[in-house]
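Observations on chain architecture
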Amino acid sequence: RPPARPAPARSERPSRPDRAPRPKLHSRVEWGADNRLRDGKPRYNRTIQQVHVHHTVSSNSYKRGDVPGMIRGMYRYHTQNLGWSDIGYNFLVDKFGRIWVGRAGGALKPVRGAHTLGFNATSVGVALIGNYETAWPWKKARTAVVQLAAWKLDKYGRKPGGHAKVYSRGSDRFPAGRMVRLPVIDGHRDTNLTACPGRHVYDKLPNIRRRAAERAKRFS
């Protein structure tokens, strides 16, 4: 009988995801979230249309080991002073490029935050730790925002470099019920009367949008 044909060689190239991949995330456990400070269960959005970028207006001279304590301080302030059910931001990014899970409910899920008045129902909020009215955002931090935004937006078929028509639930800039055309990745000041996310981060948003769009396209 004829000799058996050799099996075709398998490709050694790893398969690519069909969506922008999830970046490395540091959990609530890692920054020491005390769940006793939380009030109520997480709420979820039906979809994600935008990523709102913020800054925390805190020190820029912190060290790596300072970050968990800084986040715990924000968490306590949001829950005990402002009366929110949890920390307001879905994610926080430090100047070393590490991404920290903020609000509870599951990092992979569309958890509703309390970061952008009037526009929390269809968005994700990410805050860069520091004051970016006075300092330029570090390159690693900007890259982390790019990776995070591409992952979250691509999952819902959104274009990081584009615009979206979103419904305002009422802010100091846009009254409730108004449809507003905004960048898919925007700064807090685009929706509210605030300097957030600081002028130096805001100036970098066009570059962040472009890079996030390129990253999403690369994995499509």
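Residues numbered from 1 in each chain as written. Predicted model: local features only at pLDDT ≥ 70, side-chain atom pairs only at ≥ 80, totals over all residues. Heavy atoms only, no water.

Here we come to the overall build of the protein. Across its full length, the protein carries 5 helices and 8 strands. When the helices and strands of the protein are read in sequence order from the N terminus, they spell out β-α-β-α-β-β-β-α-β-β-β-α-α. Projected onto the principal axes, the alpha-carbon positions of the protein cover approximately 85 × 40 × 35 Å. By the burial criterion, 50% of the 220 residues in the protein qualify as buried. Counting every atom, the protein has about 11900 Å² of accessible surface; 50% of that belongs to carbon and sulfur. (Helix = DSSP H or I, 4+ residues; strand = E, 2+ residues; numbered from the N terminus. Buried < 20%, exposed > 50% of the residue type's maximum accessible area, 1.4 Å probe, protein only. Areas by Shrake-Rupley, 256 points an atom, 1.4 Å probe, with all protein chains shown as cover.)

Bringing the pattern of salt bridges into the picture now. Counted by the stated rule, this structure contains 8 salt bridges. The residue Arg-199 makes a salt bridge to Glu-133 at a minimum N-O spacing of 3.8 Å. With Arg-199 in helix α4 (residues 199–202) and Glu-133 in the loop between β5 (123–128) and α3 (139–155), this pair connects stretches of sequence that are 66 residues apart. Note on Glu-133: relative accessible area 26%, which makes it partly exposed. (Salt bridge = Lys/Arg side-chain N within 4 Å of Asp/Glu carboxyl O.)

Turning to the confidence of the model for the protein, a few remarks are in order. Taken residue by residue, the protein gives an average pLDDT of 93. The fraction at 70 or more is 92%. Of the regions scoring below 50 in pLDDT, residues 6–16 engages in 2 contacts with residues more than four places distant in sequence or in other chains. (pLDDT = per-residue confidence, 0-100. Contact = heavy atoms within 4.5 Å.)

By the element assignment, Asn-81 lies in helix α2 (residues 67–81). When the C-alpha atoms of Asn-81 and Trp-136 are compared, they prove to be 29 Å apart, with 55 residues separating the residues in sequence.

Core analysis: the largest hydrophobic core is formed by 50 residues, its most contacted members being Val-51, Val-53, Ile-71, Phe-91, Leu-92, Ile-129 and Ile-185. If one sorts the elements of this core by residue count, α3 sits on top with 9 residues. If we ignore the near neighbours within four places in the chain, the residues touching Ile-185 are Val-51, Val-53, Ala-149, Leu-153, Pro-160, Ile-208, Arg-209 and Ala-212. (Core = buried A, V, L, I, M, F, W, Y, C linked by side-chain atoms within 4.5 Å.)

Further remarks concern the packing of α3 against helix α5 (residues 205–218). The N-to-C vectors of α3 and α5 enclose an angle of 50°; their axes lie 8 Å apart at closest approach. It follows that α3 is oblique to α5 by the angle criterion. Remark: the crossing between α3 and α5 carries right-handed chirality. On α5, the residues that touch Arg-142, Thr-143, Val-145, Val-146, Gln-147, Ala-150 and Asp-154 of α3 are Ile-208, Arg-211, Ala-212, Arg-215 and Ala-216. (Axes fitted to C-alpha atoms, helices over the stretch in contact; angles between N-to-C directions. Parallel < 35°, antiparallel > 145°, perpendicular 65-115°, else oblique. Left-handed = near helix turned anticlockwise from the far one by under 90°.)

To continue, consider the environment of Ala-216. Turning to its location among the elements, Ala-216 is positioned in helix α5. A sequence separation of 34 residues divides Ala-216 from Leu-182, and the C-alpha atoms of the two residues are 19 Å apart. Setting aside chain neighbours within four positions, we find Ala-216 in contact with Ala-20, Ala-150, Asp-154 and Pro-160.

This part is about the side chain of Asn-45. Relative to the assigned elements, Asn-45 resides in the loop between α1 (28–31) and β2 (50–55). Reaching out from Asn-45, the side chain makes a polar contact with the side chain of Arg-112 at a distance of 2.6 Å. Among the polar contacts listed, one links the side chain of Asn-45 to the backbone oxygen of Asn-120, at a separation of 3.1 Å. In this view, Asn-45 contacts Pro-110, Val-111, Arg-112, Asn-120, Ala-121, Thr-122 and Ser-123; residues no more than four positions away in its chain are not counted. (Polar contact = N/O pair within 3.5 Å; in protein donor to acceptor, adjacent residues only side chain to side chain.)

Here we come to the packing of aromatic side chains. Applying the stated criterion to the full structure yields 5 aromatic pairs. Centroid distance Trp-31 to Tyr-75: 5.3 Å. Interplanar angle 80°. Geometry classified as edge-to-face. Of this pair, Trp-31 sits in helix α1 while Tyr-75 sits in helix α2, and the two are 44 residues apart along the sequence. With relative accessibility at 0%, the residue Trp-31 sits in the buried group. When its relative accessible area of 1% is taken as the criterion, Tyr-75 is described as buried. Consider the rings of Phe-91 and Trp-151, whose centres lie 6.3 Å apart with planes at 70°: the pair is edge-to-face. Separated by 60 residues along the polypeptide, Phe-91 in strand β3 (residues 91–93) and Trp-151 in helix α3 bring together distant segments of the chain. For the cation-ring pair, Lys-95 lies above Tyr-62, with the distance from its terminal atom to the ring centre recorded as 4.9 Å. (Phe/Tyr/Trp six-rings, centres within 6.5 Å; stacked < 30°, edge-to-face > 60°. Lys NZ or Arg CZ within 6 Å of the ring centre and 35° of its normal.)

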